[in-house]
Each structure stands twice: as C-alpha cells, then as structure tokens.
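Chains, contacts and geometry: an overview
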Amino acid sequence: MLFRSKNNKNMNSLFSQAINTILYVGIPLSVFLIIFSSETYYIFFGESIEGSIILKMNAIVSIFFSANLVINTILQGMKKYKTVYINSIVGIVVNAILDIPIILLFNKIGFYPYLGTLTATVVGLIVSISIVTLTLKKELDFNYKEIFTSFFKIVLYLIPSIILMFILEKYLFVSNSYFMALVCLGISGLITIGLYILITY
C-alpha cells in the first residue's frame, strides 16, 4: 500500500512536470502568435484579415492540442489505454456535434462563422482533457495544485513581455517590405521571448 502511494505520487509529479513544460513553452509562443498574427500570416501567405484571425485562434488551439497529445502519451506509458480511448472518442464526438451549431451561432450573432470549427475543436479538447484529469484524480488521487500554481506564475511572468510585444508590434513594423517584416518579427521574437526566459529564471 505504501509502495502504491509512493508510485502514485511519482506519476503525479511526472504528469505535472510534463504539463508544466507544455504551458511554459506553449503559452508565450501562442501569445506571440496572437499579437503578431497579421505580420506572421503576411510573411508566409500574404496580407489577409481572415487569415490573421484564423491564426490567432489556431494559436489557442495549439496549446490544448499539445497538452492533450502529451497527456495521452503519458497515459499510454501508464498503460491506461481504456482512458485514452474514452477521452479521445468523446472529444472527437463532442467536436463533431458542436461544429455546425457553433458555426450557425457565430453567424447569427455577427461573429466570424469560420471560427466555429476551431471553437468546437477547443471545446472537444477541453472535454477530453477534463475526462483524463477527473479519472486520474479518482483512480490515483492525483493533485493538480502544482499545475495551477505554475500556470498563474507563467501568466504573471509573461506580462512584461506582452507589454513589450504590443509596443514592438505598433512601432517596429512600419514598412510593407516582406524582408523587413521578417527581420522585425525575428527581432521581436528574440527580445520578447528572451525577456520572458530571463524573468522566469
């Protein structure tokens, strides 16, 4: 019984470390893409308001997708195959069911209807992740305090970088040149993400 309790704590710790790594890397990169979405989309595909908006939403989706991928990998290592199947299938079903209703809802309220599918994907991933966390809490008494603490710390440490991102986005990108946009985006990334890393350490 003591060995089992210690083993559960070790798995809990590894689980928390994996999620914290995703949050530490994923959140600042997603925020960077959201703020510099117009510039990033312009460099790769050309100028497009709709493309920029979709890129913003995809940046949000990527965090949940990465977390879900890591979680399922960990579950397979724990031989929790049943949980992997259940959370994956339920997530896909929720996504499929909500696709059209959310598109119609967004269209009705005057919001971008083409973001409906991405929103449904986020909801499906949240449901999938929730199933896992609740299952591990119930079966192995997992504690997620470390994850919540890390999340709030990351958001707090990221604030100076976010302020700097907005300043750079407003004043640095003054040219319509493709090359200059690429250079400015690279400089902005190095400065803001570098500041974030410096603050966290």
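Bear in mind the structure is a predicted one, so any value in this text is a computation, not a measurement.

Here's the deal with the environment of Lys 138
Among the secondary structure elements, Lys 138 is positioned in helix α5 (residues 116–140). Accessibility expressed as a relative area gives 75% for Lys 138, which makes it exposed.

Quick notes on the nonpolar core
Grouped together as the largest cluster of nonpolar side chains are 34 residues, with contacts concentrated most on Phe 15, Phe 36, Leu 136 and Phe 142. Within the residue set of this core, elements represented by two or more residues are α1 (2–35), α3 (49–77), α5, α6 (145–171) and α7 (178–200). With eight residues, α1 is the largest single contributor of residues to this core. Those residues within four positions of Leu 136 in sequence are excluded, and the remaining contacts are Phe 15, Leu 75, Met 78, Asp 141, Phe 142 and Tyr 144. Core analysis: the next-biggest nonpolar cluster, separate from the first, contains 10 residues, Val 61, Ile 102, Val 122 and Leu 125 among them.

Details of the pattern of salt bridges
Counted by the stated rule, this structure contains two salt bridges. Here Glu 139 and Lys 80 are joined by a salt bridge, their closest N and O atoms 2.8 Å apart. Placement of Glu 139 in helix α5 and of Lys 80 in the loop between α3 and α4 (81–108) is noted, with a sequence separation of 59 residues between them. Judged by relative accessible area, Glu 139 falls into the partly exposed class, the value being 42%. Across the pair Lys 137 and Asp 141 runs a salt bridge whose closest N-O atoms are separated by 3.8 Å. Judged by its relative accessible area of 39%, Lys 137 falls in the partly exposed class.

Observations regarding α7
Compared with an ideal rise of 1.5 Å per residue, which puts 23 residues at 33 Å, α7 spans 33 Å between its outermost C-alpha atoms and is within 8% of the ideal. Taken together, the buried positions of α7 are occupied by Ala 181, Cys 184, Leu 185, Ser 188, Gly 189, Thr 192, Ile 193 and Tyr 196.

So, the packing of helix α2 (residues 37–45) against α7
Each pair of packed helices can be summarised by the angle the axes make with each other and by the distance between the axes. With their axes 10 Å apart at the nearest point, α2 and α7 run at an angle of 130° to one another. Comparing their axes, α7 and α2 come out oblique. Considering how the two elements wind past one another, α2 and α7 form a crossing that is left-handed. Residues Glu 39, Thr 40, Tyr 42 and Ile 43 of α2 form the contact with α7, whose participating residues are Tyr 178, Ala 181, Leu 182 and Leu 185. Broken down by class, the residue content of the contact of α2 with α7 amounts to six nonpolar, one polar and one charged.

Rules and cut-offs
- Residues numbered from 1 in each chain as written.
- Predicted model: local features only at pLDDT ≥ 70, side-chain atom pairs only at ≥ 80, totals over all residues.
- Heavy atoms only, no water.
- Helix = DSSP H or I, 4+ residues; strand = E, 2+ residues; numbered from the N terminus.
- Buried < 20%, exposed > 50% of the residue type's maximum accessible area, 1.4 Å probe, protein only.
- Core = buried A, V, L, I, M, F, W, Y, C linked by side-chain atoms within 4.5 Å.
- Contact = heavy atoms within 4.5 Å.
- Salt bridge = Lys/Arg side-chain N within 4 Å of Asp/Glu carboxyl O.
- Expected span 1.5 Å × (residues − 1).
- Axes fitted to C-alpha atoms, helices over the stretch in contact; angles between N-to-C directions.
- Parallel < 35°, antiparallel > 145°, perpendicular 65-115°, else oblique.
- Left-handed = near helix turned anticlockwise from the far one by under 90°.
- Nonpolar A, V, L, I, M, F, W, Y, C, P; charged D, E, K, R; others polar.

These figures come from the coordinates and say nothing about function on their own.
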